[in-house]
Amino acid sequence: MKKWVINLMKQLDVVTSQTASDTQVPAEIQHISEEKATLLFIIDNYNKHLFEVEKHSVRKVREKLDTMAKDLLDPCPEKTERTLFDIRQFFSSYRIDEHSYIQNTFDDFKRIIWDFADHLSEDLRFDNTKEKRLAIYLHELREAVEANSIESLRSKSREFINAYIEYQTQKNELRDKRIESTKKSLDVVKTQLLEATYNLNIDHLTLAHNRKSFDEYLQKINQQCRDIGGQASLIILDIDFFKKINDSYGHDTGDFVLKECVRTLKEVFTADDEMVARIGGEEFAIVLPQHDLAAASLRAEEALQRIRLQILNCGDTTITYTASMGIAQLLNNEDVSSWLKRTDTALYKSKNGGRNRYTLATEEAPVYSVA
């Protein structure tokens, strides 16, 4: 059995032996083929990047994925056949609904912009040179809606609104009434766009930033450090044995733990430029601009200590939990992919070293654990 299969089973807590080497095949997974392990890897990664889709709540989808993963571990051939059929049925249905959800969200953006463009087309005659210039921007805005590209839509929206504000400020006093009316229309559109953007950037279960927002912010911080210098550190946090919490107490309790974890992290990392994001099922990231490793480790220890002292009451259930962290400072001219990989490697060291701790990543890639 390949080494990656054994490592995957350890990460999924299927292998319970702490003394088995990476080359030994524990008895509990000897029947697992590489094909089954590949499916388990896909299911596990899909589980970590779920988001709310109409008709498919994260909790219910996670339950289905967990059930299919458990069934794949069953050595019975008949059960394997049924499970493979269930997996095909689930993904063929879920991907259609997931695609529809994304498309509908984007269509909402386009509808807002298109209605606004229609309103202005009816209100303006585009007679003089300045108005004809504005007409060109409006035409480009319509083309951006029809191009079906969200980046083009965002860019052309900004260009048009900037041009329109400049145009309106140059109007004389006889046009004040029309300006006021149009400004109200712009305010409505701005509010709708801000709400839509917020919904696209927030994880609706925990109210942390989502993976999309996190990726964009990490690129921004990386570019700032390249352009003007400065320091930045990244923390990746994983709740220890979260799968056991779900299995023992149910997914509702698991969701409660996720939300409380985010609430605790937000109490520690409160600066405007510090981001707390949910980047996987029970995996979170904290971006700390202007922090070297020493400063980041102090903040990390404060967060871990608060988590250790938490006693959560969920109905009749009392729960305590811990977390593991990996911490890496951005190196000179390092890209985001390398920064993430070093941080994730440090997290893996923390989990393999006993969990409930953080590990600092060094420049050369070796890391050391701090209990």
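Residues numbered from 1 in each chain as written. Predicted model: local features only at pLDDT ≥ 70, side-chain atom pairs only at ≥ 80, totals over all residues. Heavy atoms only, no water.

Another aspect to go through is helix 12 (residues 336-352). Relative to the 24 Å expected for 17 residues at 1.5 Å per residue, helix 12 spans 24 Å between its end C-alpha atoms, a close match to the ideal helical length. The complete set of buried residues in helix 12 reads V336, W339, L340, R342, T343, A346, L347 and S350. One side of helix 12 holds all its buried residues, which, seen down the axis, span an arc of 165°. Structural note: helix 12 exposes S337, K341 and N352 on the side pointing more than 90 degrees away from its buried face. Positive backbone phi, at 120°, marks G354, one or two positions downstream of helix 12. (Helix = DSSP H or I, 4+ residues; strand = E, 2+ residues; numbered from the N terminus. Expected span 1.5 Å × (residues − 1). Buried < 20%, exposed > 50% of the residue type's maximum accessible area, 1.4 Å probe, protein only. Arc of directions from axis to C-beta.)

Attention now goes to the confidence of the model for the chain. For the chain, per-residue confidence averages 83 on the pLDDT scale, and residues scoring 70 or more make up 86% of the total. For residues 365-371, every residue scores under 50 in pLDDT, and the model assigns this stretch 17 contacts once sequence neighbours within four places are set aside. (pLDDT = per-residue confidence, 0-100. Contact = heavy atoms within 4.5 Å.)

Bringing the pattern of salt bridges into the picture now. This structure, assessed with the given rule, holds 20 salt bridges. The closest approach of N and O atoms between D252 and R59, which form a salt bridge, is 3.1 Å. Within this pair, whereas D252 is found in helix 10 (residues 251-268), its partner R59 is found in helix 3 (residues 58-72), the two being separated by 193 residues in sequence. With a relative accessible area of 52%, D252 lands in the exposed category. (Salt bridge = Lys/Arg side-chain N within 4 Å of Asp/Glu carboxyl O.)

Our next topic: the packing of aromatic side chains. Here the structure, examined in full by the defined rule, presents four aromatic pairs. Judged by centre distance (5.3 Å) and plane angle (15°), the ring pair of F90 and Y94 falls under stacked. Taken together, the positions of F90 and Y94, both in helix 4 (residues 77-123) and four residues apart, correspond to about one turn of that helix. One exposure class covers both F90 and Y94, and it is buried. An aromatic cluster is built from Y46, F90, F91 and Y94, whose rings are joined through pairwise contacts. Here the basic side chain of R355 rests over the ring of F241, its NZ or CZ set 4.1 Å away from the ring centre. (Phe/Tyr/Trp six-rings, centres within 6.5 Å; stacked < 30°, edge-to-face > 60°. Lys NZ or Arg CZ within 6 Å of the ring centre and 35° of its normal.)

Moving on to helix 8 (residues 211-228). Between its terminal C-alpha atoms helix 8 stretches 26 Å, which fits the 26 Å expected from 18 residues at 1.5 Å a residue. Its side-chain oxygen 3.3 Å from the backbone nitrogen of K212, N210 forms the N-cap of helix 8. Just downstream of helix 8 lies G229, where phi reads positive at about 80°. (Polar contact = N/O pair within 3.5 Å; in protein donor to acceptor, adjacent residues only side chain to side chain.)

The subject of this paragraph is empty space enclosed by the protein. Evaluated as defined, the whole model comprises one cavity of 30 Å³ or more. Counted as a void, the largest cavity has a volume near 40 Å³. Surrounding the largest cavity, I113, F116, L141, S157, F160, I161 and V189 form its lining. Among the elements of the structure, helix 4 and helix 6 (150-169) are those that each provide at least two residues to the lining of the largest cavity. (1 Å grid on protein atoms, 1.4 Å probe; cavity = no way out; pocket = protein on both sides within 12 Å on 5 of 7 lines; lining within 4 Å. Points joined across faces, edges and corners; volume = space filled by probe spheres on them.)

This part takes up unusual backbone geometry. Even without being a glycine, Q290 presents a positive backbone phi close to 60°. Inspection of the secondary structure assignment puts Q290 in the loop between strand 3 (283-289) and helix 11 (293-309). You can call Q290 exposed: its relative accessible area is 56%. Located in the positive-phi region is N333, a residue other than glycine, with phi close to 60°. Of note, N333 is situated in the loop between strand 6 (323-329) and helix 12. For N333, a relative accessible area of 66% translates into the label exposed.

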